[in-house]
Amino acid sequence: MEDKLVTLAIHTFEKAQILKTILETEGIEVCIHNVNQIQPVVSAGVRVRIKESDLPHALRIIEDSKWLSEDAGQEEKAGPEEKKILIPIDFSDYSIKACELGINHARKIGAEVMIMHAYFSPYFPSAIPLNDTQAYQVNEETAQNVLKRVRIDMENICTLLNRKIQSGELPPVKYDYVLREGLPEEEIIAYSKEYRPSLIVMGTRGKSQKDIDLIGSVTGEVIEVNKVPVLAIPENVPFDDLSEAKNIAFATSFNQRDLVVFDEFMEIIKPYNAHIHLFNISTSKDEWNEIRLTGVNEYFKKQYPETDITHTVLDDGDLLLAIEKFVRDKHIDVIAISTYRRNILARMFNPSIARKMLFHTDTPLLVMHA
């Protein structure tokens, strides 16, 4: 049976060439293909492909390679005095929904807003050899045309938002925009470290998203890698203001980290008068779930006596289906869940529950790093 090709990574052309060289020196055959060069929607850049049988070896090489490692020392969490919201957009309808909800939230907490778009320019310096890459003839003028079109699209978004602010549909909030050249997921993460927002608001396609796009999703990658809380807004959400969210669910795995994350969660939803529903995300059939969840509920009630908090033990069976039923039965408007940074092997072969839920629900998802 022929060994099929699989996609190992999607990067800028330069990074794809570096990765190709690293893998080939280890005896792994690599081919690269261009993807979405002009208008990226989910991911863009160059696809690095290898034989499926070489995948375990390639992943070990990537894990051991310093060129992909993050400079954790430069990343700092925003202090409590920082009141900034970052809204990455791709000019889609669900991006507009994210802008509206982000601006309304900014007004509640007295924050400024930065709207961001990352675009991929297809211009490659002539000094970079294309090798056997699929031919793609572009020049510097083409790259300038891409930037010009992106600026027009961003100005159109700003015009729409200004019109909504002037008409009273949106509150008056200080906002600006920034354009970054590169892969969306990489640029959002990099700019977040510079801008240091307290919250990132991003639009998603929700349940209509295909499973095949799970690994390549921009929002999913930002959730996995970035430390800033991310509020993912599916396109079919019926409201554009969190004040309309009357029931907010908080997922717990009975881990000590949840106690810390709950404080961050309460800080975010503090301006809103919502009922808090605790629920478990334990996948095992454990008769102690009710006892443990009751204990967590009592602890949080003591910490936040003015907050209306109840709990529900999920039904046994498929976790995502149980969550879906819980959301439907309790009329949940927003789901809050914690995640933690994992290595690339875990991210590829065992997507976090937060990332799975991102593509399994039409309910807004607030993800915080434990």
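Keep in mind it's a predicted model, so treat the numbers as computed, not measured.

## Remarks on the confidence of the model for the protein chain
- In the predicted model, the protein chain carries a mean pLDDT of 78, and the fraction of residues at 70 or more is 73%.
- The spread of mean pLDDT over the elements of the protein chain runs between helix α10 (residues 344-349), the lowest at 48, and strand β4 (residues 84-88), the highest at 96.
- Here residues 344-349 is modelled with pLDDT under 50, and outside its nearest four sequence neighbours on either side it reaches 16 contacts, counting other chains as well.

## Here we look at the state of the cysteines
- Scanning the model with the defined rule gives 0 disulfides in all.
- Note on C99: no disulfide assigned, nearest cysteine sulfur contributed by C158 at a separation of 8.3 Å.

## Re the packing of helix α5 (residues 184-195) against helix α6 (residues 218-225)
- Running from N to C, α5 and α6 point in directions that differ by 40 degrees, and their axes come no closer than 9 Å. Judged by the sense of rotation from one axis to the other, the crossing of α5 with α6 is right-handed. Of the residues in α6, those touching α5 at P184, E185, I188 and I189 are V218, E221, V222 and V225.

## Remarks on the sheet that holds strand β8 (residues 230-234)
- Taken in spatial order, the 10 strands of this open sheet run β6-β5-β4-β7-β8-β13-β12-β9-β10-β11, and their pairing is mixed. Every other strand in the sheet has two partners, leaving β6 (175-181) and β11 (309-312) as the edge strands with one partner each. With direction set aside, neighbouring strand axes in the sheet form an average angle of 25 degrees.
- Relative to strand β13 (residues 365-369), strand β12 (residues 334-339) is paired through 5 bridges, and the arrangement is parallel. Across the sheet, I335 pairs through a bridge with L365, a residue of β13.
- Where helix α8 (residues 289-303) meets the sheet, its contacts fall on β9 (247-252), β10 (275-280) and β11, and the angle it forms with β11 comes to roughly 170 degrees.

## Things to note about α8
- Over its 15 residues, α8 runs 21 Å from end to end, which matches the ideal 21 Å to within 8%, given 1.5 Å per residue.
- Restricting attention to buried positions, one finds in α8 the residues N289, L293, V296, N297 and F300. One side of α8 carries all its buried residues, which in axial view fall inside an arc of 100 degrees.
- Residues of α8 that are buried sit in contact with β9, α7 (256-269), β10 and β11.

## Comments concerning the pattern of salt bridges
- As enumerated under the stated definition, the model contains 10 salt bridges in all.
- As a salt-bridge pair, K51 and E29 come within 3.7 Å of each other at their nearest N and O atoms. Of the two residues, K51 sits in strand β3 (residues 45-51) while E29 sits in the loop between α1 (13-25) and β2 (30-35), which places them 22 residues apart along the sequence.
- We classify E29 as exposed; its relative accessible area is 53%.
- Close ionic contact of K164 with E100 constitutes a salt bridge, the shortest N to O distance being 3.2 Å. One end of the pair, K164, is in helix α4 (residues 140-167); the other, E100, is in helix α3 (residues 93-109), and 64 residues separate them in sequence.
- In the salt-bridge network here, residues are joined through shared partners; they are E100, K164 and E169.

## Let's talk about the pairing of strand β5 (residues 112-119)
- Burial runs high along β5: 7 of the 8 residues are buried.
- Looking at chain direction, β4 and β5 are connected through 5 bridges and run parallel. Looking across to β5, one finds that K84 is bridged to E112.
- A crossover connection joins β4 to the parallel β5 through α3; in handedness this β-α-β unit is right-handed.
- The pairing of β5 with β6 spans 7 bridges and is classified as parallel. Considered in β6, the bridge of A118 is made with R180.

## Brief notes about the nonpolar core
- With 53 residues, the main nonpolar core has V113, F250, F262, F265, L278 and L366 as its most contacted residues.
- With 8 residues, α4 is the largest single contributor of residues to this core.
- When near neighbours in sequence (up to four residues on either side) are disregarded, V113 contacts I85, I87, G102, I103, A106, V173, K174, Y175, D176 and Y195.
- Listed in part, the 33 residues of the second largest apolar core include V230, F326, V327 and I337.

## Some remarks on α6
- Among the 8 residues in α6, 8 count as buried, and that is most of the element.
- Burial in α6 covers these residues: V218, T219, G220, E221, V222, I223, E224 and V225.

## Description of unusual backbone geometry
- Positive phi values are uncommon outside glycine, yet F91 reaches one of about 70 degrees.
- Residue position: F91 is located in the loop between β4 and α3.

## Things to note about the environment of E186
- In this structure, E186 sits in helix α5.
- In the structure, E186 is positioned 68 residues away from A118 in sequence and 9.0 Å away in space, judged by C-alpha atoms.

Parameters and conventions
- Residues numbered from 1 in each chain as written.
- Predicted model: local features only at pLDDT ≥ 70, side-chain atom pairs only at ≥ 80, totals over all residues.
- Heavy atoms only, no water.
- pLDDT = per-residue confidence, 0-100.
- Helix = DSSP H or I, 4+ residues; strand = E, 2+ residues; numbered from the N terminus.
- Contact = heavy atoms within 4.5 Å.
- Disulfide = S-S within 2.5 Å.
- Axes fitted to C-alpha atoms, helices over the stretch in contact; angles between N-to-C directions.
- Left-handed = near helix turned anticlockwise from the far one by under 90°.
- Pairing = 2+ DSSP bridges.
- Expected span 1.5 Å × (residues − 1).
- Buried < 20%, exposed > 50% of the residue type's maximum accessible area, 1.4 Å probe, protein only.
- Arc of directions from axis to C-beta.
- Salt bridge = Lys/Arg side-chain N within 4 Å of Asp/Glu carboxyl O.
- Right-handed = clockwise from strand over helix to strand, strands pointing away.
- Core = buried A, V, L, I, M, F, W, Y, C linked by side-chain atoms within 4.5 Å.

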